[in-house]
Amino acid sequence: MTTKEMVYAALFAALIGVLGMIPPISLGFIPVPITAQTLGVMLAGCFLGKKTGAISLILFIILVALGLPLLSGGRGGLSVLVGPSAGYILSWPISAFLIGYATEKVWGSLKIWKLILINFVFGVVLVSLIGAPIMAIITNTSVWAGLVGATAFLPGDILKAIIAAFLAVQLKSISPIEEKVQR
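All values derive from a computational prediction rather than experimental measurement. (Residues numbered from 1 in each chain as written. Predicted model: local features only at pLDDT ≥ 70, side-chain atom pairs only at ≥ 80, totals over all residues. Heavy atoms only, no water.)

A.B. asks: Tell me about empty space enclosed by the protein, residues and numbers included.
C.D. replies: Under the definition given, this model contains 1 cavity of 30 Å³ or more. Considering only enclosed or pocket space, the largest cavity measures out at about 190 Å³ in volume. As for the largest cavity, its lining consists of 19 residues, and the residues nearest its centre are Val32, Pro33, Thr35, Thr38 and Tyr88. Taken together, the residues of the lining of the largest cavity sort by class into 10 nonpolar, 6 polar and 3 charged. (1 Å grid on protein atoms, 1.4 Å probe; cavity = no way out; pocket = protein on both sides within 12 Å on 5 of 7 lines; lining within 4 Å. Points joined across faces, edges and corners; volume = space filled by probe spheres on them. Nonpolar A, V, L, I, M, F, W, Y, C, P; charged D, E, K, R; others polar.)

A.B. asks: Account for the pairing of strand β2 (residues 30-34), with residues named and values stated.
C.D. replies: Note: strand β1 (residues 25-27) against β2, 2 bridges, orientation antiparallel. Of the residues in β2, the one forming a bridge with Leu27 is Ile30. Between β1 and the antiparallel strand that follows it, β2, lie 2 residues. (Pairing = 2+ DSSP bridges. Helix = DSSP H or I, 4+ residues; strand = E, 2+ residues; numbered from the N terminus.)

A.B. asks: Describe in detail the nonpolar core, supporting the description with residues and values.
C.D. replies: Judged by nonpolar contacts, the single largest core of 45 residues is most densely connected at Leu57, Phe60, Leu71, Tyr88, Ile89, Trp92 and Leu115. Where this core is concerned, the elements lending two or more residues are α1 (3-19), β2, α2 (37-48), α3 (50-65), α4 (86-106), α5 (112-138) and α7 (154-170). Among the elements that take part in this core, α2 stands out by supplying 8 residues, more than any other. (Core = buried A, V, L, I, M, F, W, Y, C linked by side-chain atoms within 4.5 Å. Buried < 20%, exposed > 50% of the residue type's maximum accessible area, 1.4 Å probe, protein only.)

A.B. asks: Kindly report on the environment of Leu57, identifying the contributing residues and their values.
C.D. replies: Examined against the element boundaries, Leu57 turns out to sit in helix α3. Once the C-alpha coordinates of Leu57 and Ile163 are considered, the two residues, 106 residues apart in sequence, prove to be 19 Å apart. Those residues in contact with Leu57, other than ones at most four positions away along the chain, are Ile16, Val41, Ala44, Trp92, Pro93 and Ala96. (Contact = heavy atoms within 4.5 Å.)

A.B. asks: Kindly report on α7, identifying the contributing residues and their values.
C.D. replies: In an α-helix, one turn spans 3.6 residues; hence positions three or four apart end up facing the same way. Here α7 spans 24 Å end to end across 17 residues, near enough to the 24 Å set by a 1.5 Å rise per residue. Where α7 is concerned, the buried positions are Asp157, Lys160, Ala161, Ala164, Ala165 and Ala168. For α7, the angular spread of buried residues about the axis comes to 135°, placing them on one side. Facing away from the buried side of α7, by more than 90 degrees, are the exposed residues Pro155, Leu159 and Gln170. Taken together, the buried residues of α7 touch α2 and α5. (Expected span 1.5 Å × (residues − 1). Arc of directions from axis to C-beta.)

A.B. asks: Let's hear about a nonpolar patch on the surface: which residues, and what values?
C.D. replies: Residues Leu159, Ile163, Leu167, Leu171 and Ile174 make up a contiguous nonpolar surface patch of roughly 410 Å² in combined accessible area. Checked against the element boundaries, Ile174 lands in the loop between α7 and α8 (176-182). You can call Ile174 partly exposed: its relative accessible area is 48%. (Patch = residues over 30% accessible without salt bridge, like charges linked within 9 Å, V, L, I, M, F, W, Y side chains within 5 Å. Areas by Shrake-Rupley, 256 points an atom, 1.4 Å probe, with all protein chains shown as cover. Salt bridge = Lys/Arg side-chain N within 4 Å of Asp/Glu carboxyl O.)

Everything listed here is a matter of geometry and, on its own, says nothing about what the molecule does.
See below:
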């Protein structure tokens, strides 16, 4: 891993922490709040690529585990990683990796609609399919109830997928993926 990739990974971990400063929206029927941090997960994947994007989220989770209050609402520590949000948070490196992998595959013919689709599949659907069942198990509710409750995230997550796609296409020329393609 180059120094530049390490800096990018650290910057994106910090960006996701900053997105955590935006107050979460708590829903009464699901114990996981709506946050802006999944926007950072999608951006990490489609701007940094699979390896650096995943590493940035692993770094973020390590910092949270060490107790830094980087999650929305100023949460941090190991207790967050075993609470209702655990599945969602732990799915982020997987999501960033798969978004980055798919983005790298279509990089030569990158279009906004392709990135929206990639972000939706791996940044919205995959995160919910991992997070909702784990939340259901932790809260002792049915997996079906967890999945149904997770549909409350869809409108905001779709908007975040669109925003991430637009930003990534606009920043394509300075993306580390572009540098890899040109080598």
